[in-house]
Amino acid sequence: QVQVVESGGGLVQTGGSLRLSCAASGRTFSTYDMGWFRQAPGKEREFVAAINWSVGSTTYANPVKGRFTISRDNAKNTMYLQMNSLKPEDTAVYYCAARLSYLQAYDYWGQGTQVTVSS
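Residues numbered from 1 in each chain as written. Predicted model: local features only at pLDDT ≥ 70, side-chain atom pairs only at ≥ 80, totals over all residues. Heavy atoms only, no water.

## With respect to the state of the cysteines
Consideration 1: A complete count under the given rule lists 1 disulfide for this structure.
Consideration 2: Each disulfide pairs two cysteine sulfurs, and for C22 the partner residue is C96, the sulfurs being separated by 1.9 Å. In this structure the cystine formed by C22 and C96 twists about its S-S bond by roughly -60°; its chirality is therefore left-handed. Taken together, the positions of C22 in strand 3 (residues 18-26) and C96 in strand 9 (residues 92-99) put the pair 74 residues apart, joining distant regions of the chain.
Consideration 3: By relative accessible area, C96 is classed as buried at 0%. (Disulfide = S-S within 2.5 Å. Helix = DSSP H or I, 4+ residues; strand = E, 2+ residues; numbered from the N terminus. Buried < 20%, exposed > 50% of the residue type's maximum accessible area, 1.4 Å probe, protein only.)

The following block contains the structure:
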């Protein structure tokens, strides 16, 4: 089992920045990768970015490439999402998730943190 808890959401103006954190506990040594997802009102949850826990390789969704940066601190078992040049369409609840294998779905989810970008 892996437990994840997000923090760092808030209200920011267009063009501003926020950094989200995701603290992991439990079987973190077994984690294959962790990712960020988001869900805007009336929309389905969508993938934002992911990072391999061992080697640090990253993947981004096209809408956030060049603006968001995912990173992790293995010593602190914490993942981050640095969000720059925020747009109103980035407004959503952001979720942290973890999985134990690339063959598995993301099984471990946080409660979410609200990010609101005002125009």
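Continuing now.
## Re the pairing of strand 8 (residues 78-83)
Consideration 1: Here strand 8 lies mainly inside the structure; 5 of its 6 residues are buried.
Consideration 2: Both strand 3 and strand 8 contribute to a ladder of 6 bridges, which runs antiparallel. Residue C22 lies in a different strand from strand 8, and its bridge partner there is M79.
Consideration 3: Note: strand 7 (residues 68-73) against strand 8, 6 bridges, orientation antiparallel. Of the residues in strand 8, the one forming a bridge with I70 is L81. (Pairing = 2+ DSSP bridges.)

## Concerning the pattern of salt bridges
Consideration 1: Considering all chains together, one arrives at 4 salt bridges under this definition.
Consideration 2: With its nearest N and O atoms 2.6 Å apart, the salt bridge here joins R38 to E46.
Consideration 3: Residue class for R38 comes out buried when judged on its relative accessible area of 6%.
Consideration 4: For the salt bridge of D90 with R38, the shortest nitrogen-to-oxygen distance reads 2.9 Å. You can see D90 sitting in the loop between strand 8 and strand 9 and its partner R38 sitting in strand 4 (residues 33-39), a full 52 residues away along the chain. Here D90 and R38 have matching classes, each one buried.
Consideration 5: Salt bridges sharing common partners tie together R38, E46, R67 and D90. (Salt bridge = Lys/Arg side-chain N within 4 Å of Asp/Glu carboxyl O.)

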